[in-house]
Amino acid sequence: MSSTGTRPGVADHEAVWRIAWPMIVSNLSVPLLGLVDAAILGHLPDPRYLGAVAVATSLFGFLYWGFGFLRMGTTGLVAQRSGTAAPSAAERLGRDGALRLLAAQSVLLALAIAALVVVAAPWLFPLGLSLMGAPPEIATEAERYFVIRLGSAPAVLVTYALTGLLVGLQDTRAVLVVMVATNVVNIVLDVLFVPVLGLRTEGVATATLIAEWLGCGVALLAARRRLATHPAPLDLRALGRLERYRELLAVNGHLFVRTLALLAALAFFTAQGARQGAAVLAANALLVNLLMTTSYGLDGFAHAAEALTGRHYGARDGAAFARTLRSALLFCVLTACGFTMLFAFAGDVLLGLLTDLAEVRALAGAYLPWLALLPLIAVWCFLFDGVAIGLTATREMRDSMLISALLVYLPLWWLTRPLGNTGLWLALVAFFAARGLTLGLWLAAGQRRGRFFPTDQSPLFFGRG
């Protein structure tokens, strides 16, 4: 038993839950904002406003998600630094200084990428519109939204980096405050600018611009408060040396390739559904949106795995690492089973809430078994992604994604084309399964070689502790 009288297993469960629940609630605030935007714009007399914002936000989502490595890479490195043993005052000062340097480097990298995004935007946006096939009246309104919201690119990317810092330091409640503040202000300003002041697309864009900068400010305050518990001077000379960014750039580079491959795989799924007709496209979109709700729960526990396994890795505590992994696995599997039961027994009800179109609802219902199966298949790649981020095993994440996409997903889709949409769903399920299998095998093999912990310590998956 621990010094507090709590059994180690219970303490591990409490630690995972303490980090996970704020992230789950944070995730849930995101679709709420989308629903409010849709409700406000959907009551305007012309549907082009709703279509334009939908197109533009999709492009921003694709663009910003591609730089999600700013969050993931920072989380893993911060978690490891924070777990590093520092028995003496001098060692603690060095560890805290390394944390501050890493936070500053991540913010500077985010600002540099934001500058590139702003410079490249005049070429990126027309390309995105052409790929989405937006009609002229939609494209004009979407461009108006895009130009305004582009001004928040630095705020969004810096917030990614600061969120990574906070998660790595296990302060997910601060992340919850950032997300809730951002989305609540966005909703309030949406109501003020559109129904009250009579603005249209530009009103929604301005509301998001202001909210994202406010969220960045809240994140900066939260990061400052959290780093105050790690008092150490910032090494400004090291901050200006490119060679000191080598580790951060290597970790983030692998994650960037991995994220682009994931985005391409999901875009390919949407495109192939569209080739089969509007009804199939709509049915697949409904099912994928329901699938995305699974990530709200699984992502929360994956974030907990990132922070805790990274800290244990930094402390070279293999026993604690194994206990945390088992605890996160338990929560993930229970969550996946819950979603599977929800989709299996209430999927038709959910589809009825999402659409009144009989053909689309019937098509989506025919593929509900695939949706019900996916949480049990996808749970492993969510969990192992979190563990790999904690270990900064980002090369393995990249290779797992590329192998799963190029050697499993695309070939299986090609072979099952005669099956139509059934073959497409089969390929998607196999893609998620391959990601979990390959990454799990690589992580286990890395431990057997002693890459993560000495081989005489607890094994990666089922060690004692």
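Calculation criteria
- Residues numbered from 1 in each chain as written.
- Predicted model: local features only at pLDDT ≥ 70, side-chain atom pairs only at ≥ 80, totals over all residues.
- Heavy atoms only, no water.
- Helix = DSSP H or I, 4+ residues; strand = E, 2+ residues; numbered from the N terminus.
- Contact = heavy atoms within 4.5 Å.
- Polar contact = N/O pair within 3.5 Å; in protein donor to acceptor, adjacent residues only side chain to side chain.
- pLDDT = per-residue confidence, 0-100.
- Salt bridge = Lys/Arg side-chain N within 4 Å of Asp/Glu carboxyl O.
- Buried < 20%, exposed > 50% of the residue type's maximum accessible area, 1.4 Å probe, protein only.
- Phe/Tyr/Trp six-rings, centres within 6.5 Å; stacked < 30°, edge-to-face > 60°.
- Lys NZ or Arg CZ within 6 Å of the ring centre and 35° of its normal.
- Patch = residues over 30% accessible without salt bridge, like charges linked within 9 Å, V, L, I, M, F, W, Y side chains within 5 Å.
- Areas by Shrake-Rupley, 256 points an atom, 1.4 Å probe, with all protein chains shown as cover.
- Axes fitted to C-alpha atoms, helices over the stretch in contact; angles between N-to-C directions.
- Parallel < 35°, antiparallel > 145°, perpendicular 65-115°, else oblique.
- Left-handed = near helix turned anticlockwise from the far one by under 90°.
- Nonpolar A, V, L, I, M, F, W, Y, C, P; charged D, E, K, R; others polar.
- Core = buried A, V, L, I, M, F, W, Y, C linked by side-chain atoms within 4.5 Å.

Along the chain, the position of Arg48 falls in helix H2 (residues 48-65). For Arg48, the residues in contact, after removing those within four places along its chain, are Glu137, Ile138 and Glu141.

Attention now goes to the side chain of Asn284. Along the chain, Asn284 turns up in helix H11 (residues 278-314). Among the polar contacts made by the side chain of Asn284, one reaches the side chain of Trp425 at a distance of 3.0 Å. Aside from chain neighbours lying at most four places away, what touches Asn284 is Phe269, Gly273, Asn421, Leu424 and Trp425.

Below, the discussion takes up the confidence of the model for the chain. Put simply, the chain has an average pLDDT of 86, and 92% of its residues get 70 or more. For the chain, H2 is the element with the lowest average pLDDT, namely 77, and helix H15 (residues 394-415) is the one with the highest, namely 96. A low-confidence stretch, residues 1-5 (pLDDT under 50), is modelled with 3 contacts involving residues beyond four sequence positions or located in other chains.

Per the stated rule, a full pass over the model turns up 11 salt bridges. Asp171 is paired through a salt bridge with Arg225; the nearest N and O atoms lie 2.8 Å apart. In this pair, Asp171 is assigned in the loop between helix H6 (153-168) and helix H7 (172-196) and Arg225 in helix H8 (residues 201-227), connecting sequence segments 54 residues apart. Assessed through its relative accessible area of 48%, Arg225 is described here as partly exposed. The shortest N-O distance in the salt bridge between Arg398 and Asp399 comes to 3.0 Å. Salt bridges sharing common partners tie together Asp171, Arg225 and Arg226.

Using the criterion set out here, one finds 18 aromatic pairs in the structure. Ring centres of Phe269 and Trp425 lie 5.1 Å apart, and the angle between their planes is 85 degrees; on these two criteria the pair is classed as edge-to-face. Within this pair, whereas Phe269 is found in helix H10 (residues 246-274), its partner Trp425 is found in helix H16 (residues 421-448), the two being separated by 156 residues in sequence. For the pair Phe269 and Trp425, one class covers both residues: buried. Site record: aromatic cluster; members linked through ring pairs are Phe268, Tyr409, Trp413, Trp414, Phe431 and Phe432. The lysine or arginine in question, Arg149, covers the ring of Phe60, its NZ or CZ lying 4.8 Å from the ring centre.

Together, Val191, Leu192, Val196 and Leu197 give the surface a local cluster of nonpolar side chains, amounting to about 340 Å² of exposed area. Structurally, Val191 can be placed in helix H7. Here Val191 falls in the partly exposed class, since its relative accessible area comes to 38%.

Phi is positive for Gln170, which is not a glycine, with a value near 65 degrees. If you check the backbone angles, Thr392 has positive phi at about 50 degrees while not being a glycine. One can find Thr392 in the loop between helix H14 (368-390) and H15.

Here we come to the packing of H11 against H14. Packed helices, taken two at a time, are described by the angle their axes make and the gap between the axes. At a minimum axis separation of 7 Å, H11 and H14 run at an interaxial angle of 20 degrees. Classified by the angle between their axes, H11 and H14 sit roughly parallel to one another. Crossing geometry of H11 relative to H14 is assigned as right-handed. Along the lines of polarity and charge, the residues of the contact of H11 with H14 split into 16 nonpolar, 6 polar and 2 charged.

A few words on the nonpolar core. Ranked by internal contacts, the top residues of the largest apolar core, which has 128 residues, are Phe431 and Leu443. Ranked by residues supplied to this core, first place goes to H14 with 14 residues. Apart from the residues lying within four places of it in its own chain, the contact partners of Phe431 are Leu262, Ala265, Met401, Ser404, Ala405, Val408 and Tyr409. Listed in part, the 5 residues of the second largest apolar core include Leu101, Ala104, Ala238 and Tyr245.

Relative to the elements of secondary structure, Leu101 occurs in helix H4 (residues 89-132). Separated by 132 residues in the primary sequence, Leu101 and Pro233 have C-alpha atoms spaced 9.1 Å apart. Excluding its chain neighbours within four sequence positions, the residues that come into contact with Leu101 are Leu234, Asp235, Ala238, Leu239 and Arg244.

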